[in-house]
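Coordinates in review
Spelled out, the chains give:
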Amino acid sequence: YAWDANEEYLFKAMVAFALRRYSSKSTTQISNVLLCNVTDRVSFWFVVTDSSKNVTTVPGSEVEAAIRMNRNRINSAFLLSDKTLQFLKITSTLSPPVEPSTPVWLIVFGVVLCLIVAGIFFLVVAGIQQRKKKNKQSTERENLEEKGEVAVTVENGIPCETLDLKAGHINGVFAADDERFTSL
Amino acid sequence: LSVPPEIPKEDGRPKWDNKFQYILSCIGFAVGLGNVWRFPYLCQIHGGGAFLIPYFIALLFEGIPLLHLELALGQCLRKGSIGAWNTVSPYLGGVGVGSWMVSVLVSLYYNTVLTWVMWYFINSFQEPLPWSVCPLNENRTGLNEECYESTAVNYFWYRKTLNITPDVTESGTLQWWLILCLAACWAIVYLCTIRGIETTGKAIYVTAIFPYLVLTIFLIHGLTLPGATDGLAYLFTPNLNTLKNPRVWLDAATQIFFSLSLAFGGLIAFSSYNPQKNDCEKDAVTVAIVNSMTSLYASIPVFSVLGFKATTGYWDCLDRNIISIINEFDLPEESIMRQNYTAWISFLNSSYPEKIAGLKLKNCDLQEFLDQSVSGTGLAFIIFTQAIILMPGSQAWAILFFIMLFSLGLSSMFGNIEGVFTPLLELPIISKSIPKELLSGIICLICFLIALCFTLGSGSYWIDIFDSYAGSLPLLVIAFFEVIGVAYVYKIKRFSKDVKWMTGRKPNLYWQITWRFISPLLLLIVFVAFVTLQIQKPSSYAAWNPKHEGFPMKEEKVYPPWVLAICVLLAVLPCVFVPLVALFHLIKRMCRNKDPSFVPPAVFSCKGANS
């Protein structure tokens, strides 16, 4: 927005407002704030006169303190920030950054670690189970072959006995029904 | 009907699920962090597009022949590096032990780099990004001094991440946050390598392909950023004069060599799990070309982003000057823009030279910003993070970038760990008694405990030492002996017959000439040049010392003698096994010569490997 007489009026009003809030006396008027040396750069000097004491200016330290207290309001009025609206000799106090109670990175790290540990646990357990199954199968086959009586029939490399134990279904149609057969 | 687990090949050796897994593993091993942060840097300092000439010559005469050699050797002998070289000739067993040793040393420090990547990754979920703002000092009157004098990004890297000490001799304390991340990284490596290639084969699908996706995203985004074209022009503008400098040729040769991860034993391990009748010649050419193309492809987004960063820095510099001029001369807002800045400056300089001089304006030069070239960890953790802050949606870009770096490094770690794991599995004492899961767990645990040293305050100095001394010179020596061993001990005729049996066609003249003459010669020249250059410059390092006068510039320091001794030890230890093992076998043979009943072992050939 362009800087014109209306903006200057608003500025005077803000300074007066700041002084009123700071010193809690409602005698400061807009007419008390004087701007001088206004340049194209939109930089100027200003003083605040005190109407109660004749034609004296309010001390600079008081004006500085008032402005510092209400810096936020003044900035918002002009839609500017500490960087874009500068008061020479008034440094802005820095606000501390917001620190959550647990640092965010620790939470993310916890999630990642849980996933990894779950994965390792799953793989190790699966490996142990596989090894147990393989051992059981090989001992079963060894036992059966040792006896020599039972011919280990093998289907696709798998002993038939183990096939039965797994998810096999007995076909009801061919189930041995003693009554069907004539007894000898 | 559930079926018992698939019976592996007749000789009990595990194998790849399919050829694509194998090729992807080799590519993942070769394509690593160096493709992203070393190649673009070399391109930039060695005359842009002109660097590609020595690079491709080195690829043709050094990279591809050596790669083919290793893959064919592993495939034919079906053993890890130690077993393979013992089979070629007992006198060459030291080559295998040497490459095993190098794999161990590199695994130790490589995962610590991944630790840093992981630390940055888990810190990318915050708003604002922690490396974009300086923390306040104790009494909250201003910013932290160390941060204020350097930049927020530098502060986060040197203080918040590394907590670096000013000297390599000062060890500092263990950084607990880095220990946590290191444990997580080694846990991830264990998770992926728990059963050898059975598990890495599955993991590689993600870790090898994901970086390409992210690079493409960064490419598209990077090209839309302002200043990207300046960065790309700067990168690729060829300056053929640089080719006269022998340093350029040396850098090209070493870059190709280290980029393809040769002489680690990992490639031999990978190809040993292949069926023997596999076209290793085509594989070698494929892997080498994909690796080089990836380097080129990665340098485009990297330099777009760097160009963007340089342009933003240049604009900031101009803006700061413009503000001070406007404040001084009370000119209206927006009277001086970046475009007419130079005109205004010359006008003001002629009319009010004293005022202009009094302002102490910084000379803004885009070229100067572009010239700030960095490679290695500085590129990723300082330059790139600074550029990411400037992009809208920084968290997403940071997360993507660090996951990409992590995948790149992880797939290389798989190769390193395989290079350690496979030879150990073949030692008779170990393979019978210990299950695979336990062995990989023990390896990861021991490496984690040793790598705790790198989480000390001086850790990053030690990683630089390991990188420059253990990960460079021994590889050249081992590769030289590999080529000589196959060409002159195993004999090229025999090797060509083996390759013909495996691929179905005899290796043509190109392979014969490179294996016999060109590659060994090239390796010898590179080795001599490398050592000469290392000896000439006094070994120094750049230390981050906040109390230094020139801070934020780094302080140049010299290594103390005991550190130099460790450097020499690191470089010599893997190489020393080559003569030691040869000597050992020579002595054994001399003792054996006196024994008349001794029968010399049969001559080995590929066809007999399976029985």
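Fair warning: this is a prediction, and the values are worked out from it, not measured in the lab. (Residues numbered from 1 in each chain as written. Chains lettered and ligands numbered in written order. Predicted model: local features only at pLDDT ≥ 70, side-chain atom pairs only at ≥ 80, totals over all residues. Heavy atoms only, no water.)

Here's the deal with the overall build of chain A
A count of helices and strands for chain A gives five helices and five strands. For chain A, the α and β elements follow one another from N to C terminus as α-β-β-β-α-α-α-β-β-α. Looking at chain A residue by residue over its 184 residues, the buried ones come to 22%. Once local pairs closer than 6 in sequence are excluded, the contacts in chain A between residues at least 24 apart make up 34%. In the structure as shown, chain A presents an accessible area of about 13700 Å², 57% of it carried by carbon and sulfur atoms. (Helix = DSSP H or I, 4+ residues; strand = E, 2+ residues; numbered from the N terminus. Buried < 20%, exposed > 50% of the residue type's maximum accessible area, 1.4 Å probe, protein only. Contact = heavy atoms within 4.5 Å. Areas by Shrake-Rupley, 256 points an atom, 1.4 Å probe, with all protein chains shown as cover.)

Focus: the UniProt feature "binding site: Na(+)" (unreviewed entry) in chain B
Residues and elements named next belong to chain B. Taking the UniProt record as the reference, the feature "binding site: Na(+)" (unreviewed entry) is found at Gly28, Ala30, Val31, Asn35, Ser259, Asn291, Leu408 and Ser412. Annotated residues spanning 385 residues; largest pairwise C-alpha distance 12.4 Å, indicating a single compact cluster. According to the relative accessible area criterion, Gly28 is buried, its value standing at 4%. As for its position among the elements, Ser259 is in helix 12 (residues 246–259). Once residues within four sequence positions are removed from consideration, Ser259 is found in contact with Ala30, Asn35 and Asn291. (UniProt positions renumbered as here; feature names shortened; annotations may be inferred.)

Brief notes about the pairing of strand 1 (residues 540–543) of chain B
All names here are of chain B. Of the two faces of strand 1, the one lined by Tyr541 and Ala543 is fully buried and the one lined by Ser540 and Ala542 carries no buried residue. Looking at chain direction, strand 1 and strand 2 (residues 555–558) are connected through four bridges and run antiparallel. Directly across from Ser540, in strand 2, lies its bridge partner Val558. (Pairing = 2+ DSSP bridges.)

Overview of the sheet that holds strand 3 (residues 56–57) of chain A
All names here are of chain A. Here we have three strands laid out as an open sheet, ordered 1-2-3, and antiparallel in their pairing. Every interior strand has two partners, whereas the edge strands, strand 1 (33–36) and strand 3, have only one. Relative to strand 3, strand 2 (residues 45–50) runs antiparallel, the two being bridged by two bridges. The residue bridging Thr49 from the neighbouring strand is Thr57, located in strand 3.

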